[in-house]
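Residue-level structure breakdown
Letter by letter, the chains look like this.
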Amino acid sequence: MTNVPFVGDLLANSPTNWGKWGDDDEVGSLNYLGPEQVLRGVSQIKTGSVFTLQRLIGDPKGDPVWPGRSPAVRSQLLDESSWDNDDAPQFPGGLHYADDTINAFLQGSTQYDALGHVWYDGLLWNGYDARGTVGGLSKASVEPIAARGVAGRGILLDLARFRGKDHLDKGETFTHEDLVACAESQGTPIEPRDVLIIRTNFLQLFFEQGDAFYEGFVEPGLVYSPELVEWFQQMEIPNLVTDTIANEVTSDPASGVALVLHNALMRNLGVVFTEICDLEELAESCARDGQYTFLYTAAPLKIAKASGSPVNPLVIK
Ligand code: UVW
């Protein structure tokens, strides 16, 4: 641990998009998704097939979450048994109904991260003061992302299939060059402003291994390099979507720094992160018909001051 550099030193010369969309901006690279990008996404629709990318909350087989977080707990407050006695609410005409609550980490299921979710050096996206996160994010919360919504051309990059595997392995890394090669092998190159949707199928191991899944927890994923950060900036990538818990290799193999890309891409470039997606049905469909691009849409929940929000992204092919 002592030899691990401070992330701010590692990223000292890393580019930022701070100020690019004004001093008040809170949605970062989503600004790249204007009306023409929405129409470019719509132009990919060929058959009208719809795919939802959210994982089930309350899956009987378990909910994969970042270590230290716990899955959502849903509680039933009212059901038919509530009327077995006289203490249930009574309504004229005999109405009965079900009510329930959910107690959940906002980052404990398929989710959008707010741009203010991570930081270093006391500054978050666009240079906002990290003290503004105390008691809730006063800047760069998920609320402005939820208010604008996300729509554009999405491209599935099936890294597991590209590498001829069922799923990527613990700590397995890939670069932007691998993403480009994967897209070429699928027959459709990545274009500027594409929403990148990366399939590793790593979470299959969560369902196969149970508790052992968390032993020596290191997810596979994109690995930091200055060239990768530059590529994301030049390609004007608005949104990085994956089927892993944290969208990148957990610990940078070269430096040991945790979640470097959260800072290099999210904090510095304003690339919005979407995590813990279920891409299996979409990937099967893409492999079957060879169509890897589509309309991608998502609307996280409007939660004031929140650092993230559950979401059920929608893909239409
Ligand atoms: C952390 O930032 C720790 O996790 P995530 O982005 O997966 O919510």
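Residues numbered from 1 in each chain as written. Predicted model: local features only at pLDDT ≥ 70, side-chain atom pairs only at ≥ 80, totals over all residues. Heavy atoms only, no water.

**Regarding helix α9 (residues 280-289)**
Considered for burial, the residues of α9 that qualify are L282, A283, S285 and C286. Buried residues along α9 cover an arc of 165° about the axis, so they all sit on one side. Opposite the buried face of α9, at more than 90 degrees from it, the exposed residues are E281, E284 and R288. In this fold, the buried residues of α9 make contact with β1 (50-52), β7 (150-158), β9 (195-199), β13 (293-298) and β15 (314-316). (Buried < 20%, exposed > 50% of the residue type's maximum accessible area, 1.4 Å probe, protein only. Helix = DSSP H or I, 4+ residues; strand = E, 2+ residues; numbered from the N terminus. Arc of directions from axis to C-beta. Contact = heavy atoms within 4.5 Å.)

**Describing the environment of Y128**
Secondary-structure assignment places Y128 in strand β6 (residues 128-129). Between the C-alpha atom of Y128 and that of N239, which follows or precedes it by 111 residues, the distance is 20 Å. With near-sequence residues (within four places) excluded, Y128 lies in contact with D23, D24, D25, E26, G122, L123, K139 and A140. Within the local environment of Y128, its side chain forms a polar contact with the backbone oxygen of D25, the two atoms lying 2.6 Å apart. (Polar contact = N/O pair within 3.5 Å; in protein donor to acceptor, adjacent residues only side chain to side chain.)

**Structural notes on unusual backbone geometry**
The backbone phi angle of N126 is positive, close to 65°, even though this residue is not glycine. Among the structural elements, N126 can be located in the loop between β5 (123-124) and β6. The phi dihedral of E236 is positive, around 55°, even though this residue is not glycine. Tracing the backbone through its elements, the reader meets E236 in the loop between α7 (226-234) and β11 (239-242).

**Quick look at the packing of aromatic side chains**
Applying the stated criterion across every chain yields a total of 14 aromatic pairs. Measuring from centroid to centroid gives 6.3 Å for F206 and Y214, while their planes differ by 80°, and the two rings are edge-to-face. Following the ring pairs from residue to residue traces out a cluster consisting of W66, F202, F206, F207, F213, Y214 and F217. In this structure, K61 packs its charged tip against the face of F207, placed 5.8 Å from the ring centre. Here R267 stacks its cationic end above the ring of Y120, 3.5 Å away from the centre of that ring. (Phe/Tyr/Trp six-rings, centres within 6.5 Å; stacked < 30°, edge-to-face > 60°. Lys NZ or Arg CZ within 6 Å of the ring centre and 35° of its normal.)

**Side note on helix α2 (residues 35-42)**
Restricting attention to buried positions, one finds in α2 the residues Q37, R40 and G41. Down the axis, α2 shows its buried residues gathered within 100° of arc, on one side only. When the buried face of α2 is taken as reference, the exposed residues oriented beyond 90 degrees from it are P35 and L39. The inward-facing, buried residues of α2 contact β7 and β13.

**Quick look at empty space enclosed by the protein**
Evaluated as defined, the whole model comprises two cavities of 30 Å³ or more. There is about 40 Å³ of room inside the largest cavity. Its residues assigned to classes, the lining of the largest cavity comprises four nonpolar, three polar and two charged. Approximately 30 Å³ is the volume found for the second largest cavity. Every residue along the wall of the second largest cavity is listed here: F174, I198, T200, P220, G221, L222, T242, T244, N247 and E248. Classifying every residue of the lining of the second largest cavity by side-chain character gives four nonpolar, five polar and one charged. (1 Å grid on protein atoms, 1.4 Å probe; cavity = no way out; pocket = protein on both sides within 12 Å on 5 of 7 lines; lining within 4 Å. Points joined across faces, edges and corners; volume = space filled by probe spheres on them. Nonpolar A, V, L, I, M, F, W, Y, C, P; charged D, E, K, R; others polar.)

**Points about the domain arrangement of the protein**
When its domains are assigned, the protein resolves into domain 1 (10-57 + 106-316) and domain 2 (73-103). Just the C-alpha atoms count here: the centres of domain 1 and domain 2 sit 39 Å apart. (Domains from an automatic or database assignment.)

**A short note on the site of the ligand**
All residues adjacent to the ligand are W66, R69, Q107, Q111, D113, H117, I245, A246, L259, H262 and E275. H117 is positioned such that a nitrogen or oxygen atom in its side chain is 2.9 Å from an oxygen atom of the ligand. Between the ligand and I245, the relevant distance is 2.9 Å, taken from an oxygen atom to a main-chain nitrogen or oxygen of the residue. Surface burial for the ligand is 90%, taken as the share of its 260 Å² of free accessible area covered by protein chains. (Near = heavy atom within 4 Å. Areas by Shrake-Rupley, 256 points an atom, 1.4 Å probe, with all protein chains shown as cover.)

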